Amino acid sequence: SQKIEQNSEALNIQEGKTATLTCNYTNYSPAYLQWYRQDPGRGPVFLLLIRENEKEKRKERLKVTFDTTLKQSLFHITASQPADSATYLCALDSLGAGNNRKLIWGLGTSLAVNP
Amino acid sequence: SAVISQKPSRDICQRGTSLTIQCQVDSQVTMMFWYRQQPGQSLTLIATANQGSEATYESGFVIDKFPISRPNLTFSTLTVSNLSPEDSSIYLCSAGDNEQFFGPGTRLTVL
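What comes next concerns the included structure. (Residues numbered from 1 in each chain as written. Chains lettered and ligands numbered in written order. Predicted model: local features only at pLDDT ≥ 70, side-chain atom pairs only at ≥ 80, totals over all residues. Heavy atoms only, no water.)

### A word on the overall build of chain A
What counts is decided by this rule: The way it works is that DSSP assigns letters per residue, a run of H or I at least four long becomes a helix, a run of E at least two long becomes a strand, and they are numbered from the N terminus. Only C-alpha atoms enter the radius of gyration, while the globule expectation follows 2.2 Å times N to the 0.38, with N the number of residues. Throughout this description, buried means an accessible area under 20% of the type-specific maximum (1.4 Å probe, protein chains only), exposed means over 50%, and partly exposed covers the range between. Surface accessibility in these figures is a Shrake-Rupley result with a 1.4 Å probe; residues are shielded only by whichever protein chains are displayed. For the charge count, each Lys or Arg is scored as positive and each Asp or Glu as negative, with His and the chain ends excluded. Where a charge lies is defined by one atom per residue type, namely NZ (Lys), CZ (Arg), CG (Asp) and CD (Glu).
Assigned secondary structure in chain A consists of zero helices and eleven strands. For chain A, the α and β elements follow one another from N to C terminus as β-β-β-β-β-β-β-β-β-β-β. By the compact-globule yardstick of 13 Å for 115 residues, chain A fits well, its C-alpha radius of gyration being 14 Å. When the backbone C-alpha atoms are referred to their principal axes, chain A occupies close to 45 × 30 × 20 Å. Taken across its 115 residues, chain A has 46% of its residues classed as buried. Accessible area for chain A stands at about 5800 Å²; split by element, carbon and sulfur atoms hold 46% of it. Distance between charge centroids for chain A: 3 Å, based on 14 positive and 11 negative side chains.

In structure tokens form, the structure reads like this:
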């Protein structure tokens, strides 16, 4: 069955450093992959989408890579700030009921940026 | 992007009752979805809310337990019926074709 794995252990880094989060998947080939941020008590917030034919995508301090051979995406936050502390979720597109496209989600990785 | 509101934000319900959650989008959208997020588990899609037709339910979710309405392109409701403590969870509404925009969620506790 389709499976998504994200680092289950919380990531603690020092302010100003680069945070790197990993998303690995097995048993399928998504057309695109997305990263979201979720703060406690709130819904996920969309950050970036990268398609299968794209190797890398950037948005301000964020960078996402997508390696369809390794079946892995890396999510980088450069010059990290305490405000970046949150849980980051990886989601991949798949086919759901009725052949509707749907997202399959990882458990998320908790990031804490220490001042 | 879309701004999504949900209500109620939280509720405590008795076993055997039902709770209806409302989701309002600030613009017309084609796709609306309902998710469940339980502690220690990933976001799980319950169903896709289709405008003008019956919702499409994912494996493990049935209409009798989770009836959904979608009367127009900006509004949907999810009812969680015949509540049991196992239904205690956060329920999230989202909208969007590729990237999805989420509401703040409804925290349901069943006693």
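That shown, we press on.
### Focus on the state of the cysteines
Residue and element names in this part refer to chain A. This is how it is decided: When the sulfur atoms of two cysteines come within 2.5 Å, that pair is taken as a disulfide.
Applying the stated rule across the entire model yields two disulfides over all chains. The partner cysteine of Cys23 in its disulfide is Cys90, sulfur to sulfur 2.0 Å. Judged by the torsion about the S-S bond (-60°), the Cys23/Cys90 disulfide is left-handed. Note that Cys23 is positioned in strand E3 (residues 19–26) and Cys90 in strand E9 (residues 86–95), a separation of 67 residues in sequence. Using a relative accessible area of 0% as the deciding quantity, one classes Cys23 as buried.

### Re the sheet that holds strand E8 (residues 75–80) of chain B
All names here are of chain B. The line we're drawing: Strand pairing is defined by DSSP finding a minimum of two bridges between the two strands. Angles run from 0 to 180 degrees between N-to-C directions of axes, and those axes are lines fitted to C-alpha atoms, restricted for helices to the stretch in contact.
One open sheet accounts for four strands, arranged E1-E3-E8-E7; its pairing is antiparallel. Each of the sheet's edge strands pairs with one partner strand only, and the pair in question is strand E1 (4–7) and strand E7 (68–72). Strand-to-strand twist in this sheet, taken as the mean axis angle between neighbours without regard to direction, amounts to 15°. Strand direction decides the pairing type here: E7 and E8, joined by three bridges, are antiparallel. Bridge pairing in E8 links Asn72 to Phe75.

### Looking at the packing of aromatic side chains
The criterion, for reference: Under the pairing criterion, centres of Phe, Tyr and Trp rings, with the six-membered ring standing for Trp, must be within 6.5 Å; the plane angle then separates stacked pairs below 30 degrees from edge-to-face pairs above 60, leaving the rest tilted.
What the rule picks out here adds up to eleven aromatic pairs over all chains. Judged by centre distance (5.6 Å) and plane angle (70°), the rings of A:Tyr36 and A:Phe46 are edge-to-face. Here A:Tyr36, found in strand E4 (residues 32–38), pairs with A:Phe46, found in strand E5 (residues 45–51); they are ten residues apart in sequence, far enough to count as distant. The class for A:Tyr36 is buried, based on a relative accessible area of 0%. Here A:Trp105 and B:Tyr35 contribute two aromatic rings whose centre-to-centre distance is 6.0 Å and whose plane-to-plane angle is 90°, an arrangement assigned as edge-to-face. With one member in each of two chains, A:Trp105 in strand E10 (residues 101–105) and B:Tyr35 in strand E4 (residues 32–37) form a pair that bridges those chains.

### Overview of the pairing of E4(A)
All names here are of chain A. Across the seven residues that make up E4, a large majority, seven, are buried. Side-chain alternation along E4 places Tyr32, Gln34, Tyr36 and Gln38 on one buried face and Leu33, Trp35 and Arg37 on a second face that is also buried. Judged from the six bridges that link them, E4 and E5 form a sheet pairing that is antiparallel. In the strand pairing of E5, Leu33 is matched with Ile50. The antiparallel pairing of E4 with E5 creates a hairpin that spans six residues between the two strands, and Gly41 there sits at a positive phi of about 75°. Relative to E9, E4 runs antiparallel, the two sharing six bridges. Directly across from Trp35, in E9, lies its bridge partner Cys90.

### Observations regarding the interface of chain A and chain B
Here is the rule we go by: Whether two residues touch is decided by their heavy atoms; if any such pair falls within 4.5 Å, the residues are in contact. Computed with a 1.4 Å rolling probe, the buried area is the accessible surface lost when two parts are put together, summed over both parts. Think of a salt bridge as a Lys or Arg side-chain nitrogen and an Asp or Glu carboxyl oxygen that are within 4 Å of each other.
Of the residues lining the interface, 22 residues belong to chain A; the matching set on chain B comes to 20 residues. At the boundary of chain A with chain B, total buried surface from both sides reaches about 1500 Å², with 54% on carbon and sulfur atoms. Counting across the chain A and chain B interface gives one salt bridge. With a closest N to O distance of 3.0 Å, A:Lys102 and B:Glu58 form a salt bridge.

### Things to note about the pattern of salt bridges
All names here are of chain A. Tallied over the full model, the rule gives eight salt bridges over all chains. Its salt-bridge partner being Arg58, residue Glu56 comes within 2.9 Å of it at the nearest N-O pair. Accessibility expressed as a relative area gives 58% for Arg58, which makes it exposed.

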